[in-house]
Structures are given as structure tokens and as C-alpha cells.
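Fold and contact review
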Amino acid sequence: MAARKRRELFTILETSADTETNTVSDSEECPLNLSADVKWFEIPFRDPDSDYEEEELQENEGETEFKSTAAADETADSASYIAGGGCNIILVTGNGIKHEEYAEDYAEESYYSTSNNCSETASTDSDIDFSDLEEEEHSGLFSSDDLLDEDCTSPDFWGEPDQVISIEPFTAVSGPQHSLGDDADTLDYFRLLFPDSLFEHMVEQTNNYALYRQRRSGRSDAHWHPTDLREMRAYIGLNILMGINQLPDYGMYWASDIFIGNAGFKKTMTARRFEKLNQNLHLCDRESEPTRGELGYDGLYKIRPLLDMVESTMWDSYAPNRCLTIDECALASKGRFSPTQYMPSKPLRKGLRVWMLCDSRSGYCHRTRVYVGKPDEEAALGVARKAVTSLVRGLEAKHHHIFMDSFFTSVPLLQRLLRDGLYACGPTHPSRRGYPDTLKPRNVGKLAPGEFYQCQRGNLVATVTRDAKVVSCLSTNSAPGIVGISPSRQRDGEGSDGDSSGGCSAPGACLGVGMGLGLGLGMGVPRPLPLLLYQENMRGVDLCDQLRECYQVGRPCKKWWRYFLWFYVNLCIVNAYVILRETRSGAPPAGFNGKQFSQRHFRVRLAQQLIGDYQGARGMERAARKRHADSPLEYGHRLERMSERSRRCRNCTNKGLRHESVFGCKICNVHLCRGGCFSEFHK
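Residues numbered from 1 in each chain as written. Predicted model: local features only at pLDDT ≥ 70, side-chain atom pairs only at ≥ 80, totals over all residues. Heavy atoms only, no water.

A word on the overall build of the protein chain. A tally of helices and strands in the protein chain yields 21 helices and 21 strands. With the model as given, the accessible surface of the protein chain reaches about 31,900 Å², and the carbon-plus-sulfur share is 47%. (Helix = DSSP H or I, 4+ residues; strand = E, 2+ residues; numbered from the N terminus. Areas by Shrake-Rupley, 256 points an atom, 1.4 Å probe, with all protein chains shown as cover.)

What follows concerns the nonpolar core. With 75 residues, the main nonpolar core has Phe194, Ile236, Met356, Phe564 and Tyr568 as its most contacted residues. In this structure Ile236 touches Phe199, Met202, Trp566, Val569 and Leu610, once residues within four positions along its chain are discounted. Membership of the second largest hydrophobic core comes to 34 residues, among which are Phe157, Ala387, Val392 and Val411. (Core = buried A, V, L, I, M, F, W, Y, C linked by side-chain atoms within 4.5 Å. Buried < 20%, exposed > 50% of the residue type's maximum accessible area, 1.4 Å probe, protein only. Contact = heavy atoms within 4.5 Å.)

Further remarks concern the packing of helix 5 (residues 196-217) against helix 9 (residues 304-317). Running from N to C, helix 5 and helix 9 cross one another at 175 degrees; their axes reach a closest spacing of 11 Å. The orientation of helix 5 relative to helix 9 falls into the category roughly antiparallel. Contacts between helix 5 and helix 9 involve Ser197, Leu198 and His201 on the former and, on the latter, Pro305, Leu306, Met309 and Val310. Of the residues belonging to the contact of helix 5 with helix 9, the class tally is 5 nonpolar, 2 polar and no charged. (Axes fitted to C-alpha atoms, helices over the stretch in contact; angles between N-to-C directions. Parallel < 35°, antiparallel > 145°, perpendicular 65-115°, else oblique. Nonpolar A, V, L, I, M, F, W, Y, C, P; charged D, E, K, R; others polar.)

Further remarks concern the pattern of salt bridges. Evaluated as defined, the whole model comprises 19 salt bridges. Ionic pairing is found between Arg605 and Asp185, a salt bridge with its closest N-O pair at 2.8 Å. Of this pair, Arg605 sits in helix 18 (residues 599-611) while Asp185 sits in the loop between strand 4 (175-176) and helix 4 (186-193); the two residues are 420 residues apart in sequence, bridging distant segments of the chain. Take Arg605 and Asp185: they sit in the same class, and that class is buried. Of the charged contacts in the structure, one is a salt bridge between Arg527 and Asp467, with a shortest N-O distance of 3.3 Å. (Salt bridge = Lys/Arg side-chain N within 4 Å of Asp/Glu carboxyl O.)

What follows deals with the sheet that holds strand 17 (residues 640-641). Strands sit in the order 17-20-21 across an open sheet of 3 strands; the sheet is antiparallel. In this open sheet, the two strands that pair with only one neighbour each are strand 17 and strand 21 (670-671). Relative to strand 20 (residues 663-665), strand 17 runs antiparallel, the two sharing 2 bridges. If you follow Glu640 over to strand 20, its bridge partner there is Gly664. (Pairing = 2+ DSSP bridges.)

So, about the environment of Arg213. Relative to the helices and strands, Arg213 resides in helix 5. Placed 66 residues apart in sequence, Arg213 and Gln279 show a C-alpha to C-alpha distance of 9.8 Å. The residues touching Arg213, leaving out its near neighbours within four places in the chain, are Gln279 and Asn280. One polar contact links Arg213 to Asn280, side chain to side chain, over a distance of 3.1 Å. (Polar contact = N/O pair within 3.5 Å; in protein donor to acceptor, adjacent residues only side chain to side chain.)

Where nonpolar side chains cluster on the molecular surface, the patch consists of Ile258, Phe259 and Ile260 and spans about 380 Å² of accessible area. Of the residues examined, Phe259 reaches a relative accessible area of 74% and is grouped as exposed. (Patch = residues over 30% accessible without salt bridge, like charges linked within 9 Å, V, L, I, M, F, W, Y side chains within 5 Å.)

Neither face of strand 10 (residues 401-404) is open: one carries His401 and Phe403, the other Ile402 and Met404, and all of them are buried. Inspection of the sheet shows strand 6 (residues 323-332) paired to strand 10 by 4 bridges, in the parallel sense. Each residue of the ladder has a partner; that of Cys323, found in strand 10, is His401. As defined by bridge partners, strand 10 adjoins strand 11 (residues 423-428) across 3 bridges and the pair is classed as parallel. Counterpart to Ile402 in the pairing with strand 11 is Ala424. Remark: the strand 10/helix 12 (residues 411-419)/strand 11 crossover connection has right-handed handedness. (Right-handed = clockwise from strand over helix to strand, strands pointing away.)

This is the structure we're talking about:
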């Protein structure tokens, strides 16, 4: 690879909180979706026919002028550092990599035809399938993608990174979409996403499943009585509180120990009633469930009503903002479910996988797709493209910016999204089909930290750079030749006594750039624009996971579909909290006396409103015990042999005595001594 001369080839532009509106460039507004403190540079493209000798003469004259002050000299060294190997652009020609020079008067041009300001703030395609990937409406849709695959592999597909890219402005309506007034409380926002009709469906299917279990076992359950809407709400409220006040076993919430037991749980319902609801909780009709191999078989049949309802309410309650994130989410599971994946490189090595579309700024989850197992080889082709297109369905021609991880990003996918009016950005693997050969590791060689190469075809820009490691990236929403330094890479309190110059309008601005370039004052590494955009906007799913993982809902069990139930309940809580926070601009609901209304306050308030004054189950069980005391035999209670092994008598234990017996009451599921313990216990 040819050596690079240390020359000042760059128009250095600075943006900060004080100098963002005053720059030396005459170009259009900075097309960065970054915070205002990010230092950025624009690297102009040099016409190959430019006169090298005249440029060198101008540089020599410029060097004598820069030597007038120390700060100006440091600024020249900063630009020289980038030119000498810190940042580079390659031009793709028929002969491979070719290093070109850069024009000095590029400050008058712009890569962007419109503004590109967003909102503030080693594997191949997998063989997985997704639950809700709908069939494409047109049979020729995937054939057009195949044509794109063939086109992107042609030798003359990629060109020089000097083309003007066009980004249409985002004008769609975004944010919370509801008609709630100022007096709305947490339960009202939760109902937007988890409506009462879903509670009623849970009540109906839970009662049906309780009867189904009794018919299958051939005996009735004396401790079960049909549930209702109020009790189901209270049951969900108790599960929400268990995520805030966490104990190893749910029976400890009803313990008689004053330091462990919870008076609110005891007042709402008994431990036995809570256990019965756990046993019979259901979301589907088991009698009509198709078995594997039958027509209409659905791997997610047990949670299909929940998925259909929640997916619709999440999409309708919040219109997507401009920048969105697509990433995976893993759920810990102890149940038996064939699609459970083993992921040795993840913090959660074994669990259930869900793909999510979230807002990059707030973390609101708009849509999810569930992994349901390995399909056949034909269905596995292009599964990443199918997953992304299903997640963004309904956003066509609205000019959103989609940020994805390396599992999804490919040249055909970005072309497909661009044709649908969506811009995308994300890292990729150099082995992916369509990635330029000139940017592959065997052709680029060893890169210095901050050094990068780019190729372009229209809006599609391919980048390879070295930060902590070599990163390959594809984007359709960023112009080539722009680098920057994230403010998180800079140390606070470092500065210089010299004044700045060379295109900086505020003292100390260029010094911050020198710190980021590793010139002895800092440790930052410059990054090209696609990686800066990815770093700033690929946090939506992570933010949603942080809010969700703070307080778990539900308890571990052996039924796989329960994990999805509690996952979606928890997701609705997070989304409701985001809607309330943005609707009220951070102001708490009426009646809250604290200083800051956090997610913990939201969950506690929501659980209290779901439970309300419900005490029905406890009162009904007290009445049942009173009826049984009058005549226990009338209700099926009788003394009979319980097991071959003797166990402690419950009645004697309550009196502080120790006696064992093989007899007892099967309905009460307790061992009792033959004699007076049976009647005494039932009184």
C-alpha cells in the first residue's frame, strides 16, 4: 500500500454548544444525528486531474502562515495527522485501490441535497424463522431481490466516494397517539396497550382450562371456583409487585413472619387461591389446539391471542419517530420449548429470542417478532430481509432511518429499503454478497486507528475503518468523507492556553479536536460518519431492555409460553410509562407528591390501581371454610389413607405437638391423626 504524505488536505469544521451556528464552511447544515458537542471534520474529494505542484506550493505558503502561533501550528498538525494515515478515502477504479488527492476549496460544496438531522440524543444469515412473517403480496417481490444480488456483485457496481446523496426530509406524524386527558392516571395509559378485552379473554380461557383439567383428571377441584375480571386484574397487579419486592419463593409473601410476609398480599387473596390461578391461567382454547403436522398448526398458538392484540395496540398507540432500531432480545427460560437457542457469546447463553423494532430515543417498542425454530432450507433464504421488512411494514415512503446490527445489514436489503423510501445504517460482514472486494481485509491490509476507506454507489456507502477493531459498515443515510470524535472519548478539564484558529470560531475548539486525534493531549479515535450515526442511534432496544429488566414480572415456571406472557405484560408497562412521560412532558400524574415520577413509582401506582379494593377471593374462602366446619363430610372431606409413608399431623403441629399419621384429608391435602384431629382441624 502506498505511503501517505503528511499534508493539510482538510477543511476542519467545528460544532459545539457555542459554535454550532457559526462555522467557516459555506455548506449546508451539518448532516449529523449527533449531540452538539461532537467534533466533526469534512474530508473533501480531490479531482484526479488537479495540479499536484500548485497544491504543494499553496501548502508550503500555508505552512509559513501557520507557524505564527503555537495553536495554529497544532491545528495544522491535527489535519496533517489525518492526512498522514488517520483518515483516508479510497477510490475504486478498474485496477483496484487508488489513492487520490483532495481539493482545498471543497468547503463551498456539500454532499447532501437536503438536510439530514434526526431526533436528539463472524456469522452469515441465520436459518431461523419468525412467527409473524406474513406472505409477500406479490410473488415477484423476492425475484427482484435476486436481481439486486446479481447486480451488486458486478465489478463496476461500486464507484468513487464523490457522489451527492439525496435524503428526503421526515414529515410524518410521530409520538403518542391517544385521546387521554390531563386527569388520566397510570391505569389509563396501561389500558391503551393492554385493554380490558384482553383481561376478559384471559378470564374466559382460564375458567375453560380449569374445567378441561378437571374433566381430564376425572375428579373435581373443590378449591377452584371461576375467576372474574376484578380478580384477574388483582392477580396481574400482585405479579407486578413481586418484581419490585422480590423474594425467593412466592409462598413467602403469605408467610406468618412479620419480617417476611406482606400484609397487602394476604389482604388481597390467599396463597392457595394465587396458586390455583397460577395452575389454571391460560390464553387459548386447549380443546381446539391443532397438533404438530395438522393443517393450521401454529408454534405460538398458546400466546397467539396475546400477540395479535398487543402488536396492534403497540403500533397504534405511538407513531414511530424518524430514527428506529432493530435488534434482538433474549429471554431467560426454564421451560421446554424447541426454539430455545444456545448462544455462548451472549450474557444469557440459553433463552428465547425476540426481534424488536424500537424508537432510538425513547426506547418505545413498536413491533416484535418471535423466533419459532429452524425452517427448511428454502424458507431460510433471505430470512434477515424478511424479518426486517416485516418489522418495518407500514413505514414505506415515510423516510425513516433504520439502524440494525450485522445480522441484518446487507447490500440487497439496504437497496430494498431505499427503494421503499427508508434509509438504513449498520455494520456488516465483509463476506456478505455485494460487499466491495476492494474493502475486504485481504485488499485493505492493516489499518491504523481512525483510518478508513469508502466506496459509493448513489446513496449506498460502504466503509471499512479501525476503532477498537476493524469494522465494516453499510449506510444509505450518510455522505462519504466526514469523520468525528464522540465527546465521551475526551477527558474533562483538559485544555490549552493558546488561541485556536484555522476554521474555529471559539477559543479552544480546535484544541478539542487535537485531543481526539491523539496528538499528546487525548486518546480519542476519529470515526467516519456512518459509525457515529450507528453509535448514537443503535440504543433503542438496549434502552427498552434496561427499563424492562429493572423490574421483572411473574415467576419462573416450566411452561414456556408463560415467559412470553410476562414479557409482553412487562413490555406494555414500559411502553405505557414512555407514553405517559412524553405526553405529560415529565410531569407526574395528579396525586403524586414526590419530586420525580420514576418507573418504580409508575409500577407501584399501576399495581395498586389494578388491585383496587379487591378482597373477594379471601372472603369466599373464609365462607367455604365455615361451611366445611358445619359438616365437612357434606363437602367431600373424609378421613382416608394418604400415603404409605407417615407424615406429621397438621392439627398436632398447630398445637405444638409432634405426631405422625398415614391418614388425612385429601381435599385439604394434610395428614391428620385418627381420632379427634380430623374434626378439630375442620372446625
